[in-house]
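Coordinates in review
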Amino acid sequence: MKQCSKCGEVKPLEAFGKRKASKDGLRSECRKCKAHAADTYREANREQERERAKAWYEGNREQHATSMKTWREANRPRRNALIRAYKAGLATATPMWLSKEQRDAIAAIYAEADRLTSETGIPHHVDHIIPLKGSGVCGLHVPWNLRAIPAAENLSKSNRLILD
Ligand SMILES: [Zn+2]
């Protein structure tokens, strides 16, 4: 038997992990305490990742907005035409044969984008994996061609398509 340095409980030796450097070859804390510490570490790490992503977005928001504004003003006529085409394309790209379940699935993807936006603080949009008006390809407004991604990624993708 051995006493755990964390919880103070006296437990059988099997309850302790191995550690060569120790005098008795075992860790000072029991497996349960060790597992708990790992969970806490993972949880803290995840939180940190999220904070980092948020901080990056906050730090770059202004620059991003400025470059978007410049781009928009330079491309206004083209952009207006694009918006018209996109709206029309969206309507014709939605197949008549979509079932109610599939239409609900589309709505769920939009809801997912909203959920990600409020949970991460980073704006998310619904992206067409295959663009509706690509060169040579034409994607559909169907559930399996949609995904929720951060808005910045979506915008840079459409910029690329337009500027190519
Ligand atoms: Zn313990």
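The structure displayed is predicted, hence computed values, not measured ones.

Attention shifts here to the overall build of the protein chain. Along its length, the protein chain carries 4 helices and 6 strands. Along the protein chain, helices and strands appear, N-terminal first, in the series β-β-β-β-α-α-α-β-β-α. Evaluated residue by residue, the protein chain yields a buried proportion of 4% over its 164 residues.

Turning to the environment of Arg 27, a few remarks are in order. Summarising the element assignment, Arg 27 is placed in strand β4 (residues 26–30). In contact with Arg 27, not counting residues within four places along its chain, are Phe 16, Gly 17, Arg 19, Ser 22 and Lys 34.

The next thing to look at is the environment of Ala 15. Among the structural elements, Ala 15 can be located in the loop between β2 (10–11) and β3 (16–18). On the basis of neighbour count, Ala 15 is assigned to the partly exposed category, with 16 C-beta atoms found within 10 Å. Spatially, the C-alpha atom of Ala 15 lies 5.7 Å from that of Cys 30, the residues being 15 residues apart in sequence.

It is worth spelling out helix α3 (residues 100–120) at this point. Spanning 21 residues, α3 covers 30 Å between terminal C-alpha atoms, matching the ideal 30 Å at 1.5 Å per step. Looking one or two places after α3, you find Gly 121, whose phi comes out positive at around 80°.

Before going further, it helps to spend a moment on the confidence of the model for the protein chain. Residues of the protein chain with pLDDT of at least 70 account for 79%, and the chain-wide mean is 80. This stretch, residues 159–164, has a pLDDT under 50; its non-local contacts, to residues over four places away or in other chains, come to 3 contacts.

What follows is about helix α1 (residues 31–74). An ideal rise of 1.5 Å per residue puts 64 Å on 44 residues; α1 measures up with 62 Å between its terminal C-alpha atoms. Counted residue by residue, α1 has 0 buried out of 44 residues, so it is predominantly exposed.

Parameters at a glance
- Residues numbered from 1 in each chain as written.
- Predicted model: local features only at pLDDT ≥ 70, side-chain atom pairs only at ≥ 80, totals over all residues.
- Helix = DSSP H or I, 4+ residues; strand = E, 2+ residues; numbered from the N terminus.
- Buried ≥ 20, exposed ≤ 12 C-beta atoms within 10 Å, placed from the backbone.
- Contact = placed C-beta atoms within 7 Å.
- Expected span 1.5 Å × (residues − 1).
- pLDDT = per-residue confidence, 0-100.

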